[in-house]
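Now for the letters of each chain:
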Amino acid sequence: MDGERRASQALSSGLPEGGAGGESPGDGGPVPGSSCSSALLQAEVLDLDEDEDDLEVFSKDASLMDMNSFSPMMPTSPLSMINQVKFEDEPDLKDLFITVDEPESHVTTVETFITYRIITKTSRGEFDSSEFEVRRRYQDFLWLKGKLEDAHPTLIIPPLPEKFIVKGMVERFNDDFIETRRKALQKFLNRIADHPTLTFNEDFKVFLTAQTWELSSHKKQGPGLLSRMGQTVRAVAWSMRGVKSRPEEFMEMNNFIEMFSQKINLIDKISQRIYKEEREYFDEMKEYGPVHILWSATEEDLVDTLKSVASCVDKCCKATEKRMSGLSEALLPVVHEYVLYSEILMGVMKRRDQIQAELDSKVEALTSKKADTDLMRKPQPIRELNLSEVTQQDSHPSDFRAKLTEEIGKLEDKVECANNALKADWERWKQNMQNDIKSAFTDMAEENIHYYEQCLATWESFLTSQTDLPLEEASEDKP
């Protein structure tokens, strides 16, 4: 309970959370219950041309990168001010560190799967120890994500990597695939650990600390199959019914998500194409060095020149390989993670609408019941009543209306809590997204500048050496 209380305070304050381990710095959000500014939601992600063949889509007019457009309003409640002072005094406070490493293959008669070692170090009092070591498989991560979504339907849960294929890798247990998934799983857990609410979730604690048999036992304690099926059927019914009047701020939020999804998917496709073309260029350039070495064996007068060209090509190959490594490790994972985030956001909006649709349905039922009661109270012509009509008039509709009114009250509170949680987490997510994308593209730009400077210096040195040599020889030949 103390953990949930601290989580609620941290989320309501909307103040920055300290980041570590390469995670997104600076999380901020408004006070729950405050209205979202339309200006915040109308920010453009990147000014992109929809034609995917045009690589000139990276426009400098990226209002998504405008820090001012994401600055939340300063909280003014006493509780928020207290929390603000606490976070400002301890901006780098972090008490939960998680590492995912040592993937291990398991082969059974039924299936083959990979488990990962998860090491957790913490100073929190609610943990029985300061360090834990467990092994988890991908299905366990899926279970955790599902439990977090059930407990916090309108919070933005970090995405998991795809189940089988990650960016074109066909081999499921390929070393590159396993390493890519390991990094993504570690980022998933660290994002949860850095979240002001999710970090105190009890299922998250069990995931980090319970041994395999304990986790299996804990999973069985959840609702049964019939209960889950009933919840799924009701959720589908509410989603099919839809909402009549979504609040304006959530309409703007939904429009932002749709636009963001289109832009980030386009960026992802272009980034993948750039990486593919860079790989083809690298593979071709690798052949030029050996070719010039072989050529030098047949040209006695050009031996030094051809070997110098081969050396320059080799240096450029190494620089290109380094740039490709930066592209595949720094830019591509960030962009693809936010492609997955766009799907998560759509699911969050859908769950919020389901809660509101349930409330709207109850309100309609109550209104209809009141109308039927008013109709029954009107004077009716004298006629003979059958048994069913007598039974209906002898019942107590007031009891039904009272029960319905009570359910509506609870649903109104549920909708309000869901809306406030989403608005606060929305601002926090946008700040993280802005920081992550800006950092990824800035780092990539710096890497490109360094690459071209290195290649330019290499070839300038070669040209200088070749132009100086004939001048010296010419001076020696003069009488």
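The coordinates are above.
Cut-offs applied
Residues numbered from 1 in each chain as written. Predicted model: local features only at pLDDT ≥ 70, side-chain atom pairs only at ≥ 80, totals over all residues. Heavy atoms only, no water. Core = buried A, V, L, I, M, F, W, Y, C linked by side-chain atoms within 4.5 Å. Buried < 20%, exposed > 50% of the residue type's maximum accessible area, 1.4 Å probe, protein only. Helix = DSSP H or I, 4+ residues; strand = E, 2+ residues; numbered from the N terminus. Contact = heavy atoms within 4.5 Å. Pairing = 2+ DSSP bridges. Axes fitted to C-alpha atoms, helices over the stretch in contact; angles between N-to-C directions. Parallel < 35°, antiparallel > 145°, perpendicular 65-115°, else oblique. Left-handed = near helix turned anticlockwise from the far one by under 90°. Nonpolar A, V, L, I, M, F, W, Y, C, P; charged D, E, K, R; others polar. Expected span 1.5 Å × (residues − 1). Phe/Tyr/Trp six-rings, centres within 6.5 Å; stacked < 30°, edge-to-face > 60°. Lys NZ or Arg CZ within 6 Å of the ring centre and 35° of its normal.

Draft legend 1. How the structure looks around the nonpolar core. With 32 residues, the main nonpolar core has I98, I118, F141, L144, L189, F204 and F207 as its most contacted residues. Looking at this core, the elements that each hand over two or more residues are β1 (96-107), β2 (112-122), β3 (131-137), α4 (138-151), α5 (175-194) and α6 (202-209). In terms of residues, this core owes the most to one element, α5, which gives 7 residues. Look past the residues within four positions of I98 in its chain and what remains in contact with it is I118, I119, T120, Q186, L189, N190, A193, F204 and L208. The next biggest cluster of nonpolar side chains, apart from the first, holds 28 residues, and it includes V334, Y341, I437 and A440.

Draft legend 2. Inspection of the sheet that holds β2 at higher detail. Ordered in space as β1-β2-β3, the 3 strands form an open sheet in which the pairing is antiparallel. The outermost strands of the open sheet, each flanked by one partner alone, are β1 and β3. Recorded for the sheet is a direction-independent mean angle of 20° between the axes of neighbouring strands. Where β2 meets β3, 7 bridges bridge the pair, whose relative direction is antiparallel. Looking at β3, one finds that I118 is bridged to V134.

Draft legend 3. Seen up close, the packing of α4 against α5. One way to put it is that α4 packs onto α5 with a least axis distance of 12 Å and a crossing angle of 30°. The orientation of α4 with respect to α5, classified from their angle, is roughly parallel. Regarding α4 and α5, the two cross each other, and that crossing is left-handed. Along the contact surface, α4 presents Y138, F141, L144, K145 and L148, while α5 presents R181, L185, F188, L189 and I192. Taken together, the residues of the contact of α4 with α5 break down into 8 nonpolar, no polar and 2 charged.

Draft legend 4. Up close: α5. The end-to-end C-alpha distance of α5 is 29 Å, a good match for the 28 Å that 20 residues give at a rise of 1.5 Å each. Buried within α5 we find F177, I178, R181, R182, L185, F188, L189, N190, R191, I192, A193 and D194.

Draft legend 5. Representation of unusual backbone geometry within the structure. The backbone of E102 shows a phi angle near 50°, a positive value even though the residue is not glycine. Inspection of the secondary structure puts E102 in strand β1. The exposure class of E102 is partly exposed, given its relative accessible area of 44%.

Draft legend 6. Highlighting the packing of aromatic side chains. In the structure shown here, the tally under the stated rule is 12 aromatic pairs. Their ring planes at 55° and their centres at 5.9 Å tell us that F127 and F132 sit as a pair that is tilted. Residue F127 shares its accessibility class with F132, and that shared class is buried. With a centroid separation of 6.3 Å and 10° between ring planes, the pair formed by F256 and F260 is classed as stacked. Here the residue F256 and the residue F260 both occupy positions in helix α9 (residues 248-285), the gap between them amounting to 4 residues, near one helical turn. Each member of the pair, F256 as well as F260, carries the same accessibility label: buried. Joined through ring pairs, the aromatic side chains of F256, F260, Y338, Y341, W426 and W429 make up one cluster. Directly above the ring of F97 sits K94, whose terminal nitrogen or CZ lies 5.7 Å from the centroid. Sitting over the face of the ring of F256, K430 holds its NZ or CZ atom 5.7 Å from the ring centroid.

These figures capture arrangement, not role.
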